[in-house]
Amino acid sequence: MDNIKVAILGIGTVGTGTYKIIKNQKDEFPYKTGSNIEVSKILVRDKSKKREGIDENLITDSWEDIINDDSISIVIEVMGGIEPAKTYITEALKKGKSVVTANKDLIASYGGELLDLAKENKCDILFEAAVAGGIPIIRPLKECLASNKVEEVMGIVNGTTNFILSKMTDEGMEFDEALKLAQKLGYAEADPTADVEGYDAGRKIAIMASIAFNSRVKFDDVYTEGISNISAKDIKYAKELDCEIKLLGVASNTDDGIEARVHPMLIPNDHPLSGVKDSFNAVFVKGDSVGDTMFYGKGAGELPTASAIVGDVIDVARNIHFGCCGRIGCTCYKNLPIKTIDDIYSKYFVRLQIVDKSGVLASVLSVLGKNDVSIYQLMQKKKRDNNFAEIVLVTDKVKEKNLRDSIKELEDMPVVHKVSKVIRVY
Ligand code: NAP
Ligand code: HSE
């Protein structure tokens, strides 16, 4: 029986979950992989810190202890951030050690070069946990759905913002109140920027789009817009249109290039993603043969995320046992163009305040018409505010550049007091 030794880099939330699952599954590994799997070293920054339930003999604060230990064949990186994670992973791969990581920041920007390095060294680098935590999505895209031309991947891939929007929708909270609650309950971090501004979801969309469309999409290629300017009023009006507002990641493989974006979106109540509540995640994949598929579950947390990590460890252990590491490496064999946000087509919800006088609405509509922005739905709210009338309109599917040009023109019109909000509509 082989003994596969693994090192865990970082023993925080995901590292602790990983350690627990490897311990609990110990007796199952020989049947599942043909090998025993054990944690032989854990890298920390501060050795003096008390860590409940962790064997102190495994703790080291020296990376050299791990990289120079030839008995370690799998390195699990769960420290997060770009450096030193990138250096450690690079060194591990160069030494022939396979890597399992949850690090979306790193994979979304440097995935291509790390996968190439893994291939050169006949190793695996697996990252199922980096997208939607415990939900299987990387392996389904790379393997189970490999027979498809994937047309679209769309989803709710950030639990923190989904929790905040759920509270705003179901309990009428404003953004700041819902964010405070999310922080109190441990969903949102003290600095919530990466979640609320859509960067976390943008990294996940970059990774999924690269795999789904077999063409590299980096985080910088993804247009991101967060939820911090969504108000309870927007949500109330969305409800009147039979919609919910969700932070959606959307990646589409169109004839003239890849679209990859993260932004709030009105989604009809009868769409399955509108029912994804609280901190849950869900990913929709549309393939040319399979049609619509949906993956749903917990996108974060100690054990759900560690479930994906240990699943990857088991995969590597099987590859080691059968001598086939590097079996499935980089799948980006195309080089498709990536569209800018100006070139996408969408429906839009626009909320604006205009001077309450005859002819003003007609002048607003004429600006939209001139820019080829067609109206799908239009309402004037009953309550007038300081002599301004509030108009809410939904456009047909139009080019984003045309919509932006019209908004710019509207903002310059003396009869338009304010364009209060523009949100895309599914
Ligand atoms: P965490 O709780 O902050 O844990 C990170 C751990 O790594 C901390 O214990 C930290 O030590 C340690 N660390 C940082 N730099 C180190 C270094 N140079 N040397 C040794 N140890 C170091 O973070 P986490 O939530 O477990 O997240 C880990 C990774 O998983 C991140 O890439 C994250 O994006 C990803 N992820 C997390 C979740 C989730 O639900 N939490 C879900 C999906 C993916 P200190 O205690 O000294 O700071
Ligand atoms: N911060 C992320 C979320 C979890 O709220 O979903 C880690 O990817």
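Residues numbered from 1 in each chain as written. Chains lettered and ligands numbered in written order. Predicted model: local features only at pLDDT ≥ 70, side-chain atom pairs only at ≥ 80, totals over all residues. Heavy atoms only, no water.

- As annotated in an unreviewed UniProt entry, the chain carries the name Homoserine dehydrogenase and is attributed to Candidatus Fimicola merdigallinarum.
- In its Cofactor (unreviewed entry) section, UniProt records this for the chain: "a metal cation".
- Here is the UniProt Catalytic activity (unreviewed entry) comment for the chain, exactly as written: "L-homoserine + NADP(+) = L-aspartate 4-semialdehyde + NADPH + H(+)". (UniProt positions renumbered as here; feature names shortened; annotations may be inferred.)

1. Notes on the site of ligand 2
Right, so step 1: Contacts to ligand 2 come from K104, N158, G159, T160, D195, D200, K204 and A300.
Right, so step 2: Between ligand 2 and the protein, one listed contact pairs an oxygen atom with a side-chain N or O atom of N158 at 3.4 Å.
Right, so step 3: Here an oxygen atom of ligand 2 sits 3.4 Å away from a polar atom, N or O, in the side chain of D200.
Right, so step 4: Protein contacts shield 81% of the accessible area of ligand 2, which totals 260 Å² for the unbound molecule. (Near = heavy atom within 4 Å. Polar contact = N/O pair within 3.5 Å; in protein donor to acceptor, adjacent residues only side chain to side chain. Areas by Shrake-Rupley, 256 points an atom, 1.4 Å probe, with all protein chains shown as cover.)

2. Remarks on the packing of helix 4 (residues 85-94) against helix 5 (residues 104-120)
Right, so step 1: The N-to-C vectors of helix 4 and helix 5 enclose an angle of 15 degrees; their axes lie 10 Å apart at closest approach. In this view, helix 4 runs roughly parallel relative to helix 5, as classed from their interaxial angle. In this structure, the crossing between helix 4 and helix 5 has a hand that is right-handed. For the pair helix 4 and helix 5, contact is made by A85, K86, I89, T90, L93 and K94 and by L106, Y110, E113, L114, L117 and A118, respectively. (Axes fitted to C-alpha atoms, helices over the stretch in contact; angles between N-to-C directions. Helix = DSSP H or I, 4+ residues; strand = E, 2+ residues; numbered from the N terminus. Parallel < 35°, antiparallel > 145°, perpendicular 65-115°, else oblique. Left-handed = near helix turned anticlockwise from the far one by under 90°. Contact = heavy atoms within 4.5 Å.)

3. With respect to the UniProt feature "active site" (unreviewed entry) in the chain
Right, so step 1: Residues annotated in UniProt with the feature "active site" (unreviewed entry) correspond here to K204.
Right, so step 2: Positionally, K204 belongs in helix 10 (residues 199-213).
Right, so step 3: Judged by relative accessible area, K204 falls into the buried class, the value being 5%.
Right, so step 4: Among all residues touching K204, those that are not within four sequence positions of it are K104, A130, V131, A132 and V157. (Buried < 20%, exposed > 50% of the residue type's maximum accessible area, 1.4 Å probe, protein only.)

4. Looking at empty space enclosed by the protein
Right, so step 1: Summed over all chains, the structure comprises three cavities of 30 Å³ or more.
Right, so step 2: Computed from the structure, the largest cavity encloses a volume of approximately 170 Å³.
Right, so step 3: The wall of the largest cavity is formed by 14 residues, among which L126, R139, K142, E143 and D315 lie closest to the centre.
Right, so step 4: Among the elements of the structure, strand 6 (125-126), helix 6 (138-144) and helix 12 (302-321) are those that each provide at least two residues to the lining of the largest cavity. (1 Å grid on protein atoms, 1.4 Å probe; cavity = no way out; pocket = protein on both sides within 12 Å on 5 of 7 lines; lining within 4 Å. Points joined across faces, edges and corners; volume = space filled by probe spheres on them.)

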